[in-house]
Amino acid sequence: MMVDGEALPVVVIGAGPQGLAAAAHLVERGLEPLVLEAGSGPGAAVSEWGHLRLFSAWPELVDQAARRLLEARGWEAPASGYPTGAQWVERYLGPLAEVLGERVWFDARVTGVSRRGRDRLVDAARGEQPFTVHVTDGVGTEVRVEARAVIDASGTWRTPNPAGADGLPALGERANADLVSCAVPDAGVPERFAGRHTVVVGAGDSSLNAVIELDRIAREHPGTRITWALRRGGTTTTFGGGASDQLPRRGALGIRARRAVEEGRVEIVTGFRVERLERVAGSANDRVVLWSEDGRRLPPADTVVVLTGFRPDLSFLSELRLDLDPALEAPRAIAVEIDPNVHSCGSVQATGARALAHPGEPGLYLVGMKSYGRAPTFLAMAGYEQVRSVAALLAGDLAGAEPVALDLPDTGVCGGSGLYDEPAGAEGGAGGGCCAPTPSPEFVPLGRAPRG
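Values in this document were obtained by computation on a predicted structure and should not be read as measured data. (Residues numbered from 1 in each chain as written. Predicted model: local features only at pLDDT ≥ 70, side-chain atom pairs only at ≥ 80, totals over all residues. Heavy atoms only, no water.)

## Remarks on the pairing of strand β6 (residues 142–147)
Move 1: Where strand β5 (residues 131–137) meets β6, six bridges bridge the pair, whose relative direction is antiparallel. Bridged to F131 within β6 is A147.
Move 2: If you look at the hairpin formed by β5 and β6, you'll find four residues sitting between the two strands, and G140 has a positive phi there, around 90 degrees. (Pairing = 2+ DSSP bridges. Helix = DSSP H or I, 4+ residues; strand = E, 2+ residues; numbered from the N terminus.)

## Structural notes on the packing of helix α4 (residues 64–71) against helix α5 (residues 85–100)
Two quantities define a packed helix pair, namely the angle between the axes and the distance from one axis to the other.
Move 1: Where α4 meets α5, the axes come as close as 10 Å, and the angle between the chain directions of the two elements is 65 degrees. Here α4 lies roughly perpendicular to α5, going by the angle between them. Between α4 and α5 the crossing geometry is left-handed. On the side of α4, the interface is formed by A66, L69 and L70, while α5 contributes Y92, P95, L96, V99 and L100.
Move 2: Counted by class, the contact of α4 with α5 contains eight nonpolar, no polar and no charged residues. (Axes fitted to C-alpha atoms, helices over the stretch in contact; angles between N-to-C directions. Parallel < 35°, antiparallel > 145°, perpendicular 65-115°, else oblique. Left-handed = near helix turned anticlockwise from the far one by under 90°. Contact = heavy atoms within 4.5 Å. Nonpolar A, V, L, I, M, F, W, Y, C, P; charged D, E, K, R; others polar.)

## Points about helix α1 (residues 17–28)
Spacing of three or four residues puts side chains on the same side of an α-helix, whose turn is 3.6 residues.
Move 1: Taking 1.5 Å per residue, 12 residues should reach 16 Å; α1 reaches 17 Å between its end C-alpha atoms and fits that length.
Move 2: With 10 of its 12 residues buried, α1 lies for the most part within the structure.
Move 3: Turning to α1, its buried residues are P17, Q18, G19, L20, A21, A22, A23, A24, H25 and L26.
Move 4: Looking one or two residues past α1, G30 carries a phi angle of roughly 85 degrees, positive in sign. (Expected span 1.5 Å × (residues − 1). Buried < 20%, exposed > 50% of the residue type's maximum accessible area, 1.4 Å probe, protein only.)

## Describing the sheet that holds strand β7 (residues 149–152)
Move 1: Reading across from one edge, β3-β2-β1-β7-β15 is the order of the five strands in this open sheet, with parallel pairing throughout. Each edge of the open sheet is held by one strand with a lone partner, namely β3 (104–105) and β15 (364–366).
Move 2: In the sheet, strand β1 (residues 10–13) pairs with β7 via four bridges, with the strands oriented parallel. Looking across to β7, one finds that V12 is bridged to I151.

## Observations concerning the packing of aromatic side chains
Move 1: A full pass over the atoms with the stated rule returns three aromatic pairs.
Move 2: Relative to F310, the ring of W157 has its centre 5.5 Å away and its plane inclined at 25 degrees; by these criteria the two rings are stacked. Taken together, the positions of W157 in the loop between β7 and β8 (180–181) and F310 in the loop between β14 (303–306) and α8 (332–338) put the pair 153 residues apart, joining distant regions of the chain.
Move 3: Taking the centre distance of 4.7 Å and the plane angle of 85 degrees together, the rings of Y372 and F378 count as edge-to-face.
Move 4: Looking at Y372, the relative accessible area reads 5%, which means it is buried. (Phe/Tyr/Trp six-rings, centres within 6.5 Å; stacked < 30°, edge-to-face > 60°.)

## What to know about the nonpolar core
Move 1: Judged by nonpolar contacts, the single largest core of 82 residues is most densely connected at W88, Y92, I151, W228 and L394.
Move 2: Take this core: its biggest share by element is 10 residues, from helix α10 (residues 380–394).
Move 3: Ignoring anything within four residues of it in the chain, the contact list for I151 reads V10, V11, V12, I13, A22, L26, Y365, V367, V390 and L394.
Move 4: Listed in part, the 22 residues of the second largest apolar core include L36, A108, A147 and L324. (Core = buried A, V, L, I, M, F, W, Y, C linked by side-chain atoms within 4.5 Å.)

## Digging into the confidence of the model for the protein
Move 1: Residues of the protein with pLDDT of at least 70 account for 83%, and the chain-wide mean is 87.
Move 2: Long-range and interchain partners of residues 1–6, a stretch whose pLDDT sits below 50, account for seven contacts in this model, where long-range means more than four residues apart.
Move 3: Note on residues 424–452: pLDDT under 50 across the span, and 64 contacts to partners over four residues away in sequence or across chains. (pLDDT = per-residue confidence, 0-100.)

## A few points about the environment of G223
Move 1: Structurally, G223 is set in the loop between α6 (205–220) and β10 (225–229).
Move 2: In this structure G223 comes out as exposed when scored by relative accessible area, which is 61%.
Move 3: Placed 28 residues apart in sequence, G223 and G195 show a C-alpha to C-alpha distance of 4.4 Å.
Move 4: When near neighbours in sequence (up to four residues on either side) are disregarded, G223 contacts G195 and R196.

## Examining the environment of L277
Move 1: The residue L277 is located in strand β12 (residues 274–280) in this model.
Move 2: Taking relative accessible area as the criterion, L277 reaches 7% and is therefore assigned buried.
Move 3: It is 9.3 Å that separates the C-alpha atoms of L277 and A163, two residues lying 114 residues apart in sequence.
Move 4: Once residues lying within four places of it in the same chain are set aside, the contact partners of L277 are A170, L171, G172, E173, N176, V180, V288, V289 and L290.

## Structural notes on the sheet that holds β6
Move 1: Ordered in space as β4-β5-β6, the three strands form an open sheet in which the pairing is antiparallel. Two strands bound the open sheet, and with one partner strand each, they are β4 (108–115) and β6. Taking each pair of neighbouring strands and ignoring which way they run, the sheet shows an average axis angle of 25 degrees.
Move 2: Pairing of β4 with β5 involves seven bridges; the strand directions are antiparallel. Looking across to β5, one finds that V113 is bridged to V133.

This is the structure we're talking about:
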């Protein structure tokens, strides 16, 4: 793997939706991209949840520069409908990677990024040096690529948050990893869950999808049991905005999950903050018991599905001077716009190149889901606007980089994330608050009286 040192490329880390879109914009601007993808094909992370249907429609999932590049080769953009992840890869990301050709390297894992001749400590002429990107291929060969700029679009998929409520793996979580999954179940492959007890830990779109997929399994396989453990003291924001969500398919997730709860196929336990996982040996198979910080425990589960969000992998950027918000681990300039304690998706503004930059490392940009750090609810259209702006700035088009115009659809949930500890009896809380320790968890089937 060789790169001409006289014409350094813009290295793009990740061949997902934002990484490939960034490459398309760079090509359109006359800049040469080099996309480094750790997986064996385009959209490798998307492929892992390929069974799920996106709640954004096709027109919102295709970047405009990518569209122009593809249409010049005779490609026709899907006009309507909501693809699955697999369809997104097959009909868009795959063809886009094919058009980009040798500009995309697969099985190319970035292990470090720095500056030529400068470690993190050195000030002198730092910004004048090209970036050095260390890469390991599929057979372990190491190379170093020099770059004029680096766009990190590697996402957060490989670094899911743990079950532990304090942000660290719960006691026993690593030891019982064989009984823990961080993937949304697939109703088309029900064997692991059919006729068994599954505990879902977490809230948000992933957990809604998990509950829906498990509910499909439960309706076809008697004896399937689903428990949904929420850290919050109530369910006020659990089901999203419903019919008020400006993305109807996203709102429908909450409506369907609520129905499964109200009809008794899913039991919710609130204010349950996981402290440890304890293995229980069985005659047929081992199971695991979840204990909360306040001493409560859930019935033994065959599988624990942990969907508590994601965090960025900053390890390979450790020699760079990142300007990140200490809480969100997102670029400091955009943190105030994406803080989930304050904003719903619709109140977040689109972010451009200047807000994504790091003053100590000119030419470095974190884009896509990684730009949001630990904040959730990122939309593809927001990422496409980010990379458009970054490519314009790298091409010297300052005027083109500045207009960042994007009207993001509101979730229908106002005022950010709401209360964390909701008192018993609060609207949507239905009891089960974390502040009243009980010897066993209080399950809350919505629309019914709590079980005593």
